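Descriptive structure summary
What follows is the residue order along each chain.
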Amino acid sequence: MGFPPLVDLYGHLGRYAMQTDLANRPELQPYYSYEWRLIGNLGADLLVELLHRWLGLEPAIRLIVLATQALAAAGILLMSRALHGRITPFAIAALPLIYGLPFNYGFLNFSLGMALAMLAFTLWLHLRRGTSRLAAPLWLAISGLGVWVCHTYGWAFLGLLCGSTLLAEAIAARERPLAAVGRIVATCAPLLLPLIPMIVWRSEAGGLNLDSSGFMYKLLGLVSALRVKWAIIDVPSLFVVVALIYWAVRSTAVRIDLRLGIAALLCFAFFLILPKTVFGSAGADVRLVPYALICALLAVPVGALGSTALRRVTVIALGFLAIRTVTTGAAYAQYEARTEAFLPALDAIPRGARVAFFSISPCAPTWDLPVLDHSAGFAMARRSVFVNDQWNVPGLTPLTVHYPAAGAFAQDPSQFVLPDGCDRHFYPHLSQTLAQVPYDAFTHVWIIGDLPEGFRPPARLRPVPHAGAGALLAVQPIGYFADGGALRLGDRFAVAALIGRVRVNSQRCAKTAIAALRRTAIRAARCRLTVIRGKAAGRSRIATLCRLVIQPVGLAAETKKAPVSRGFRAFTAGR
């Protein structure tokens, strides 16, 4: 496996390149700035900063991805051992959930924060059983701040786990409600330390930055907990998890551990309540579903199960883990191959280019993950290229995009398009988008995805030969026509005369040229075209110039022998 094929991770790769090497890339300094600040979304960024000097950028990211999943797996297994004194088969069945939708979308800081929260919670449980009264509160203060810096959701998840544990203890002890609330708040108070930097962060970034979601979005997020590539495998896999939880709840031999049972219910409740975007982070609600299921599975003890039932559950859990491991690995291999098919185009993009990148989304609904959406991050990292796929949400990351000339095409989500002829409208169509691009702000256009049949780029775009899939197009100066490439000889002299960029050295032709310019002043204003000088083979240069100055505007019908292209005729007609 090469670079992990996670949707947003390709875009993060570009950001990490700016983070670690922008000072050595003067060609990108006018467009990007990177300013470190204390925010609740820096987990992988800090690790990249620590590791890239020894490993290189891309190897460091690979190691961080592997470490994130190793920490998450360790968190699940250690939580099971801390809660039940053993690693239960239900904990084994929970392991595939760390490869759920949030991780596959490349929410790396989030996944790392949730993994660290589970580990911090496990250690907190151990410290509470010790003799020191200060160890557990001190650990909550330190770990809470560290997990918050990694990702705000990890910090909230840690508070949810600790609060659920304290609430379960209060229920078991039958404490009075007010006394129970006071004890929970007092015990979890050290976790409130990050509130100060968080208030500063969000006041500078513009508040909560919310975006609501509808019922169908919630339903899709619920069934997508294990979404990787094939719905025929992923959806039944979710039913296996739900069936295990349902069996445990219904079984008379199992008594659900309230500590994680309450946590699971709270996670699911927040999934239902939260909007889809919080603090500028998309999928704020659906990313909680895998962790609600993890908590529900970890809440199932096995001490009272008979040997036969335990053996059956263990076989199911191990089989489930094996199937999910194989199918997830196969899906990643296919996603990686799909991405690699487009990357050879990078060799044809000059360093320091400015690329308008577009990813064509399928028109029909698909279960596949959109792994190509941010693959332009490779161009940023490997070719020092400006691309329009970086997130520029205030406070979301330390990276800021500065390119007003590109307008709306300077940042995400301007790269998303639909194929022409698609009857859906959640993104603009390809031809519509290409007609709106400010081409003077870019040197190239890179289109990946399934190009429509018979695709013809706009007149100013020239195909660039390359070895990869997709289309790479170079932006030409005004005056390039797709039907004939560069301006033909007749066009060259005509345009040059119309805009006054050719010196008319002959007295025989000067009056004619001036008259033509006066009579076509309006059209001349449109014709700011690049002048390419040429020689008229077998003709007098002066005579050819005089004829071609007047031919495109119809001043002398008898001079139609001059070769003028269809492209120029259309231009002078006002197209």
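Higher on the page you've got the structure.
Residues numbered from 1 in each chain as written. Predicted model: local features only at pLDDT ≥ 70, side-chain atom pairs only at ≥ 80, totals over all residues. Heavy atoms only, no water.

What follows deals with the packing of helix α1 (residues 9–21) against helix α3 (residues 57–84). Contact pair α1 / α3: the axes reach a minimum separation of 11 Å and the direction vectors enclose 125 degrees. Taken together, the axes of α1 and α3 are oblique relative to one another. Once α1 is placed against α3, the crossing between them reads as right-handed. Residues Leu9, Leu13, Tyr16, Ala17 and Thr20 of α1 form the contact with α3, whose own contacting residues are Leu57, Glu58, Ile61 and Val65. In the contact of α1 with α3, the residues fall into seven nonpolar, one polar and one charged. (Axes fitted to C-alpha atoms, helices over the stretch in contact; angles between N-to-C directions. Helix = DSSP H or I, 4+ residues; strand = E, 2+ residues; numbered from the N terminus. Parallel < 35°, antiparallel > 145°, perpendicular 65-115°, else oblique. Left-handed = near helix turned anticlockwise from the far one by under 90°. Contact = heavy atoms within 4.5 Å. Nonpolar A, V, L, I, M, F, W, Y, C, P; charged D, E, K, R; others polar.)

What follows deals with a nonpolar patch on the surface. Taken together, Leu47, Leu50, Trp54, Leu55 and Leu63 make up a surface patch of nonpolar side chains, about 510 Å² in accessible area. For the nonpolar patch, the element with the most residues is helix α2 (residues 43–55), which contributes four residues. Note that Leu55 resides in helix α2. Judged by its relative accessible area of 40%, Leu55 is partly exposed. (Patch = residues over 30% accessible without salt bridge, like charges linked within 9 Å, V, L, I, M, F, W, Y side chains within 5 Å. Areas by Shrake-Rupley, 256 points an atom, 1.4 Å probe, with all protein chains shown as cover. Salt bridge = Lys/Arg side-chain N within 4 Å of Asp/Glu carboxyl O. Buried < 20%, exposed > 50% of the residue type's maximum accessible area, 1.4 Å probe, protein only.)

The next thing to look at is the nonpolar core. Judged by nonpolar contacts, the single largest core of 152 residues is most densely connected at Tyr32, Leu260, Val445 and Trp446. Those residues within four positions of Leu260 in sequence are excluded, and the remaining contacts are Met79, Leu83, Phe121, Leu161, Cys295, Leu298 and Ala299. (Core = buried A, V, L, I, M, F, W, Y, C linked by side-chain atoms within 4.5 Å.)

It is worth spelling out the packing of aromatic side chains at this point. In the structure shown here, the tally under the stated rule is 24 aromatic pairs. Note on Tyr403 and Phe442: the rings are 6.4 Å apart at their centroids and 80 degrees apart in plane angle, and the pair reads as edge-to-face. Remark: Phe442 occurs in the loop between α17 (430–434) and β8 (444–448) and Tyr403 occurs in the loop between β6 (399–401) and β7 (416–417); sequence separation between them is 39 residues. The pair formed by Tyr403 and Phe442 is uniform in burial state, with each residue classed as buried. Connected via pairs of aromatic rings, a cluster forms that spans Tyr31, Tyr32, Phe386, Tyr403 and Phe442. One residue, Arg227, lies across the ring of Trp367, its end atom 5.3 Å from the ring centre. Geometry around Tyr153 places Arg287 over its ring, the cationic atom sitting 5.6 Å from the centre. (Phe/Tyr/Trp six-rings, centres within 6.5 Å; stacked < 30°, edge-to-face > 60°. Lys NZ or Arg CZ within 6 Å of the ring centre and 35° of its normal.)

Let us look at the packing of helix α13 (residues 258–273) against helix α14 (residues 289–298). It is the contact of α13 with α14, at a shortest axis distance of 7 Å, that shows an interaxial angle of 160 degrees. One way to sum up the angle between α13 and α14 is to call them roughly antiparallel. Crossing hand, α13 versus α14: left-handed. Listed contacts from α14 to Leu260, Ala263, Ala264, Cys267, Phe268 and Phe271 of α13 are Val289, Ala292, Cys295, Ala296 and Leu298. When its residues are assigned to classes, the contact of α13 with α14 shows eleven nonpolar, no polar and no charged.

In this model, helix α12 (residues 231–250) (20 residues) spans 28 Å end to end at C-alpha, consistent with the 28 Å of a helix rising 1.5 Å per residue. Regarding α12, the residues found buried are Asp234, Ser237, Leu238, Val241, Leu244, Ile245 and Ala248. Angularly, the buried residues of α12 cover 115 degrees about the axis, an arc narrow enough to put them on a single face. In α12, the exposed residues that point more than 90 degrees away from the buried face are Ile232, Phe239, Tyr246 and Arg250. Lining the buried residues of α12 we find α4 (89–94), α11 (215–223), α14 and α15 (307–340). (Expected span 1.5 Å × (residues − 1). Arc of directions from axis to C-beta.)

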